[in-house]
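Take a look at the letters that make up each chain.
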Amino acid sequence: MLSCRCMLVFLVCTLSQICAELCRSPCVCSWIPLRCPPGVPLITDGCGCCKICARRIGEHCNQKYLCDHTQELTCDYSTSSNGRGGTCNYNDNGSCDVNGKVYEDGETFQPSCKLQCKCVDSGVTCIPLCSEDVMLPTPECPFPRRVDIPGKCCQEWTCDVQQQYRISNDIDQGLPGSALFSCPEWSTEWGDCSARCGMGVSIKVTNQNQHCRLEQQSRLCMVRPCRGRPVSTDGALCIPTLLSHPIRLEIPDCISINSFHLRFCGSCGVRNCIPNRTVNEMIDFQCSAGLIRKLMMFIVSCVCY
């Protein structure tokens, strides 16, 4: 601590001595008007005496001959051996200037409620605070869009019921805008079942609908029941096992009206046995709220991988 104080006192005394040597009293200024290079401002020297041209990048500077602060230049004394002068250089303290406000290196800030930013080595990196998810159209919500919610910063997804109603009316009334047009088929493969056992959901994206719009479709799926041990099979193939008795399918708050003989994928030992070929069928369910129809996957063959 004592050595630090001594160093500080020495530095103050040295600077005071240099200023006293550079700044003579009374002021003696040249009577010839100064003409600075284009873009270089005319400023008052560090002694508060005469007008000088601000020093530019790489030029010699000291307490009297100041650097061009409009270019964020400072006098870098690290290039001087005796401390009596330096070189004009950019202010490299890692700070960031955003919309007129200076943030220190490593400081985190929010320019808006939708962004969180951090100043890192004079650069700014930002991450969004609002969700960037995409809501694909579905049969239940064919026209999703983001809307502003009062009192909330981030927009939220909602179904554009009015747009759906307008298009439905056009189709019902046979307006010219609703005429049939060529729609090249585009679909992804059905995704894996969300559950390894019991009832799950499989999803794909397709444009096969009356508006030729990409939408997300889902189907119910059951690879194997969760009760009992899967049937082991030898070799590289897993043979689908046919359930010996018909069962009624169950989903939350609903049960199928009919019973079905289901095929399930067995086991491949350490490998996975998954559906290879499937077919889909619409199933009627009796729910507490009434009748509904759901698309269900039925297994035809399985494969090991």
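Just so we're clear, the structure is a prediction, and the values are computed from it rather than from any experiment.

**Some thoughts on the overall build of the protein**
Line of reasoning, step 1. The helix and strand inventory of the protein stands at 2 helices and 20 strands.
Line of reasoning, step 2. Evaluated residue by residue, the protein yields a buried proportion of 24% over its 305 residues.
Line of reasoning, step 3. A fraction of 40% describes how many contacts in the protein between residues 6 or more apart in sequence connect residues 24 or more apart.
Line of reasoning, step 4. If you sum the accessible surface of the protein, you get close to 20900 Å²; carbon and sulfur atoms cover 55% of it.

**Structural notes on the state of the cysteines**
Line of reasoning, step 1. A full pass over the atoms with the stated rule returns 14 disulfides.
Line of reasoning, step 2. Disulfide partner of Cys193: Cys221, at an S-S distance of 2.1 Å. Here the disulfide of Cys193 and Cys221 is right-handed, its torsion about the S-S bond being about 90 degrees. Of this pair, Cys193 sits in the loop between α2 (161-173) and β13 (200-206) while Cys221 sits in strand β14 (residues 215-221), placing them 28 residues apart in sequence. Across this residue pair, the class does not change: Cys193 and Cys221 are buried.
Line of reasoning, step 3. Disulfide partner of Cys197: Cys226, at an S-S distance of 2.1 Å. Its torsion about the S-S bond being 95 degrees, the disulfide of Cys197 and Cys226 is classed as right-handed. Taken together, the positions of Cys197 in the loop between α2 and β13 and Cys226 in the loop between β14 and β15 (241-242) put the pair 29 residues apart, joining distant regions of the chain.

**Notes on the confidence of the model for the protein**
Line of reasoning, step 1. This prediction gives the protein a mean pLDDT of 78; 79% of its residues lie at or above 70.
Line of reasoning, step 2. Taken element by element, the predicted model of the protein shows its lowest mean pLDDT in helix α1 (residues 2-22) (47) and its highest in strand β17 (residues 254-260) (92).
Line of reasoning, step 3. Within the model, the stretch residues 167-180 combines pLDDT values under 50 with 7 contacts to residues more than four positions away or in other chains.

**Observations regarding the sheet that holds strand β9 (residues 115-120)**
Line of reasoning, step 1. Sheet architecture is open: 3 strands sit in the order β8-β9-β10, paired in antiparallel fashion. Edge positions in the sheet fall to β8 (108-112) and β10 (123-128), since each has one partner strand and no second. Shown here is a sheet whose adjacent strand axes are inclined to one another by a mean of 35 degrees, direction ignored.
Line of reasoning, step 2. Where β9 meets β10, 6 bridges bridge the pair, whose relative direction is antiparallel. Paired with Lys118 across the bridge in β10 is Thr125.

**Description of the pattern of salt bridges**
Line of reasoning, step 1. According to the stated counting rule, one finds 3 salt bridges in the structure shown.
Line of reasoning, step 2. Note that Lys152 is salt-bridged to Glu156, the shortest N-O span being 2.9 Å.

**Here's the deal with a negative patch on the surface**
Line of reasoning, step 1. Taken together, Glu104, Asp105, Glu107 and Asp121 make up a surface patch of like negative charges.
Line of reasoning, step 2. When you line up the elements, Glu107 lands in the loop between β7 (101-103) and β8.
Line of reasoning, step 3. Take Glu107: its relative accessible area is 31%, and that puts it in the partly exposed class.

**Some remarks on the packing of aromatic side chains**
Line of reasoning, step 1. Applying the stated criterion across every chain, the model contains 2 aromatic pairs.
Line of reasoning, step 2. On the numbers, 3.7 Å between centres and 10 degrees between planes, the contact of Tyr103 with Phe109 is stacked. Of the two residues, Tyr103 and Phe109, both sit in the buried class.
Line of reasoning, step 3. Both rings, one in Phe260 and one in Phe298, keep their centres 5.7 Å apart while their planes meet at 55 degrees; by these two values the pair is tilted. Note that Phe260 is positioned in strand β17 and Phe298 in strand β20 (residues 290-304), a separation of 38 residues in sequence.
Line of reasoning, step 4. The exposure class assigned to Phe260 is buried, which follows from its relative accessible area of 13%.
Line of reasoning, step 5. Under the relative-accessibility criterion, Phe298 is labelled buried at 12%.

**Some words on the side chain of Thr206**
Line of reasoning, step 1. Within the fold, Thr206 resides in strand β13.
Line of reasoning, step 2. The buried category is assigned to Thr206, whose relative accessible area is 1%.
Line of reasoning, step 3. Within the local environment of Thr206, its side chain forms a polar contact with the backbone oxygen of Trp186, the two atoms lying 3.5 Å apart.
Line of reasoning, step 4. A polar atom in the side chain of Thr206 sits 2.5 Å from the side chain of Ser187.
Line of reasoning, step 5. In contact with Thr206, other than residues within four places in its own chain, are Trp186, Ser187, Arg213, Leu214, Glu215 and Gln217.

**Looking at the environment of Pro246**
Line of reasoning, step 1. Structurally, Pro246 can be placed in the loop between β15 and β16 (247-251).
Line of reasoning, step 2. For the pair Pro246 and Leu262, spaced 16 residues apart in the sequence, the C-alpha separation amounts to 7.2 Å.
Line of reasoning, step 3. Setting aside anything within four residues of it in sequence, one finds Pro246 in contact with Ser259, Phe260 and His261.

How each quantity is defined
Residues numbered from 1 in each chain as written. Predicted model: local features only at pLDDT ≥ 70, side-chain atom pairs only at ≥ 80, totals over all residues. Heavy atoms only, no water. Helix = DSSP H or I, 4+ residues; strand = E, 2+ residues; numbered from the N terminus. Buried < 20%, exposed > 50% of the residue type's maximum accessible area, 1.4 Å probe, protein only. Contact = heavy atoms within 4.5 Å. Areas by Shrake-Rupley, 256 points an atom, 1.4 Å probe, with all protein chains shown as cover. Disulfide = S-S within 2.5 Å. pLDDT = per-residue confidence, 0-100. Pairing = 2+ DSSP bridges. Axes fitted to C-alpha atoms, helices over the stretch in contact; angles between N-to-C directions. Salt bridge = Lys/Arg side-chain N within 4 Å of Asp/Glu carboxyl O. Patch = residues over 30% accessible without salt bridge, like charges linked within 9 Å, V, L, I, M, F, W, Y side chains within 5 Å. Lys, Arg positive; Asp, Glu negative; His and termini not counted. Charge placed at Lys NZ, Arg CZ, Asp CG, Glu CD. Phe/Tyr/Trp six-rings, centres within 6.5 Å; stacked < 30°, edge-to-face > 60°. Polar contact = N/O pair within 3.5 Å; in protein donor to acceptor, adjacent residues only side chain to side chain.

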